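Per-entry structural report
One-letter residues, chain by chain:
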Amino acid sequence: MRKLTYFIACSIDGFIGGPDGDASFMVPFVDEEFFEFLKSEYPETLPTHGRRPLGIDDLPNKRFDTVVQGRVSYDLALKEGITSPYAHLREYVASRTLTESPDPNVEIISADLVGRVRELKAEDSAFDIYLCGGSAVAGELADEVDELVVKTYPVVLGTGMPMFASGFEVTEFVPDSVRTFGNGAVVRTYHRKR
């Protein structure tokens, strides 16, 4: 069975964006060292429209062949005129309001998100599934998340969009690795304790 990996960036206090979802404060932390890490370890998590100008569009996928994201995350790309932000992956967008996909590469999941993700996890593939965000989708899929890769940037927001918008429930994960960077960023990897 494939894993659902929530690969997410956040502040020290666990917010993935400000109250309005803005996460532009994270961009300056993607310096040369951090970019090299992303490029070598998680190249498929870099959006297609960002890969092309950097000359890395031909990097093969290492971990994922499928991405699931929420409507709010997808809207960030749509506002820039990008209808398939992860064209190098199979793309799924969870939305109860977006009735028709603006791109043939993007499938809209409008009902039974958990059931659809379970189907994707049951597929026979050497690659896992990248849960891109956002907060509401992660909250709905919290029980399906098998692995967390948390990129923590050295900032505190005080309030904002949490990593999981869900009710209170203690879910235990086991640490696998920690990597620190010169700019103060830390990447922690965990797997779900089953």
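Now for a quick tour of the structure. Note that residues are indexed from 1 along each chain, following the sequence as it is written. Predicted model: local features are reported for residues with pLDDT of at least 70 only, side-chain atom pairs are reported and counted for 80 or more only, and whole-chain, interface and lining totals are derived from all residues. Computation of side-chain values covers all heavy atoms of the structure but excludes hydrogens and water.

Before going further, it helps to examine the overall build of the protein chain. Only DSSP runs of H or I reaching four residues or more are called helices, and only runs of E reaching two or more are called strands; each is numbered from the N terminus. The number of helices and strands found in the protein chain is five helices and 10 strands. Referenced to the eigenvectors of the C-alpha coordinate spread, the extents of the protein chain come out at roughly 45 × 40 × 35 Å. For each residue, the accessible area found with a 1.4 Å probe, counting protein chains only, is set against the maximum for its type, and the residue is called buried under 20%, exposed over 50%, and partly exposed in between. Going through the 194 residues of the protein chain one by one, you find that 46% of them count as buried. In the protein chain, once contacts between residues fewer than 6 apart in sequence are set aside, the share between residues at least 24 apart is 68%. In these tables, accessible area is a Shrake-Rupley quantity obtained with a 1.4 Å probe, and a residue counts as shielded only by the protein chains included in the view. Surface accessibility of the protein chain: about 9,800 Å² in total, with carbon and sulfur atoms responsible for 53%. Asp and Glu count as negative and Lys and Arg as positive, but His and the ends of the chain are not part of the count. For the purpose of locating charges, the reference atoms are NZ of Lys, CZ of Arg, CG of Asp and CD of Glu. Positive and negative side-chain charges of the protein chain, numbering 20 and 31 respectively, have mean locations separated by a distance of 3 Å. In what follows, residue pairs with any heavy atoms lying within 4.5 Å of each other are defined as contacts.

Here the focus is the pattern of salt bridges. Note on definitions: salt bridges are taken to be side-chain nitrogens of Lys or Arg within 4 Å of carboxyl oxygens of Asp or Glu. Inspection of every chain in the model, using the stated rule, returns 17 salt bridges. A salt bridge links Arg-52 to Asp-57; its shortest N-O distance comes to 3.4 Å. The class of Arg-52 is exposed, set by a relative accessible area of 53%. The closest approach of N and O atoms between Asp-146 and Arg-194, which form a salt bridge, is 2.6 Å. In this pair, Asp-146 is assigned in the loop between α5 (135-140) and β7 (147-153) and Arg-194 in the segment after β10 (186-192), connecting sequence segments 48 residues apart. You can call Asp-146 buried: its relative accessible area is 14%. When salt bridges that share partners are traced, they join Arg-118, Lys-121, Glu-144, Asp-146 and Arg-194 into one network.

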